[in-house]
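# Chain and residue survey
What follows is the residue order along each chain.
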Amino acid sequence: QKEVEQNSGPLSVPEGAIASLNCTYSDRGSQSFFWYRQYSGKSPELIMSIYSNGDKEDGRFTAQLNKASQYVSLLIRDSQPSDSATYLCAVQLSSGSARQLTFGSGTQLTVLP
Amino acid sequence: GAVVSQHPSRVICKSGTSVKIECRSLDFQATTMFWYRQFPKQSLMLMATSNEGSKATYEQGVEKDKFLINHASLTLSTLTVTSAHPEDSSFYICSAFARTGGNYNEQFFGPGTRLTVL
């Protein structure tokens, strides 16, 4: 079982719709959760971090964390073509290096104009 | 957020040569930096953890004698790909943790270095 799992996609949504990206993780001791956006040929860019159960909103982005279900999601409201990218879920595990992140394989999102 | 730079952004070299990639934290100090490699259409693969003033910690399967890491200061880590071969062609990305507020540390990535070995 992979430590961090994401649907690889591709996920396509029309412009203006809500894009929903999901991630599950296996280590119950995980404490910190991150969403990165990666455009083709570029390095990942941090867009959201979440540390406690519930929702965290930042502009058009909302991260949701449910530690009991070991599930973290990212909602993108009013999706724009510029949101088309690969979204990486990252989890800070409780074992190993204190600050090492484990990444999912990423979900490719395409927003259709 | 914190800024991490990398140099060069792109390098093409002949097989058998060595290539050095620099990673700098521009506005913060980083005792720990990470080096990743990413092949086309694949996710990030952690290669090693670079620790200032001590030896790097390599992930399983990464040859430490081939990928030399030096973290000589709190703002600079270097990755040297020795005797590069075409299979080493990849996108190499470094990252560092920076404190962004409260008690949280968040990881920021450099822009990456695309290495092509002919």
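Just above, that's the structure.
The text that follows walks through the structure, step by step, so that each part is easy to find. (Residues numbered from 1 in each chain as written. Chains lettered and ligands numbered in written order. Predicted model: local features only at pLDDT ≥ 70, side-chain atom pairs only at ≥ 80, totals over all residues. Heavy atoms only, no water.)

### Concerning the sheet that holds strand β8 (residues 76-81) of chain B
Residue and element names in this part refer to chain B. Taken in spatial order, the four strands line up as β1-β3-β8-β7 in an open sheet, and their pairing is antiparallel. Pairing within the sheet leaves two strands with one partner each, and these edge strands are β1 (4-7) and β7 (67-73). Adjacent strand axes in the sheet meet at a mean angle of 15°, parallel and antiparallel pairs treated alike. Here strand β3 (residues 19-25) pairs with β8 via six bridges, running antiparallel. Across the sheet, residue E22 finds its bridge partner in β8, namely T78. (Pairing = 2+ DSSP bridges. Helix = DSSP H or I, 4+ residues; strand = E, 2+ residues; numbered from the N terminus. Axes fitted to C-alpha atoms, helices over the stretch in contact; angles between N-to-C directions.)

### Re the state of the cysteines
Residue and element names in this part refer to chain A. Taken as a whole, this structure holds two disulfides over all chains when the rule is applied. At a sulfur-sulfur separation of 2.1 Å, the disulfide partner of C23 is C89. One quick way to see it: the torsion about the S-S bond of C23 and C89 is about -70°, and its sign makes the bridge left-handed. Placement of C23 in strand β3 (residues 19-25) and of C89 in strand β9 (residues 85-92) is noted, with a sequence separation of 66 residues between them. When sorted by exposure, C23 lands in the same class as C89, which is buried. (Disulfide = S-S within 2.5 Å. Buried < 20%, exposed > 50% of the residue type's maximum accessible area, 1.4 Å probe, protein only.)

### Focus: the side chain of R37 of chain A
Residues and elements named next belong to chain A. On the secondary structure map, R37 appears in strand β4 (residues 32-38). The exposure class assigned to R37 is buried, which follows from its relative accessible area of 13%. At 3.5 Å, the side chain of R37 and the side chain of Y39 are in polar contact. (Polar contact = N/O pair within 3.5 Å; in protein donor to acceptor, adjacent residues only side chain to side chain.)

### What about the sheet that holds strand β8 (residues 71-76) of chain A?
Residue and element names in this part refer to chain A. The strand order across the open sheet built from five strands is β1-β3-β8-β7-β6, with neighbouring strands paired in antiparallel fashion. The open sheet has two free edges, formed respectively by β1 (4-6) and β6 (54-58), since each of these has just one partner strand. On average, each strand axis in the sheet is inclined to that of its neighbour by 20°, with strand direction left out of account. Examined bridge by bridge, β1 and β3 share three bridges and lie antiparallel to one another. Following the sheet pairing, V4 is matched in β3 by Y25.

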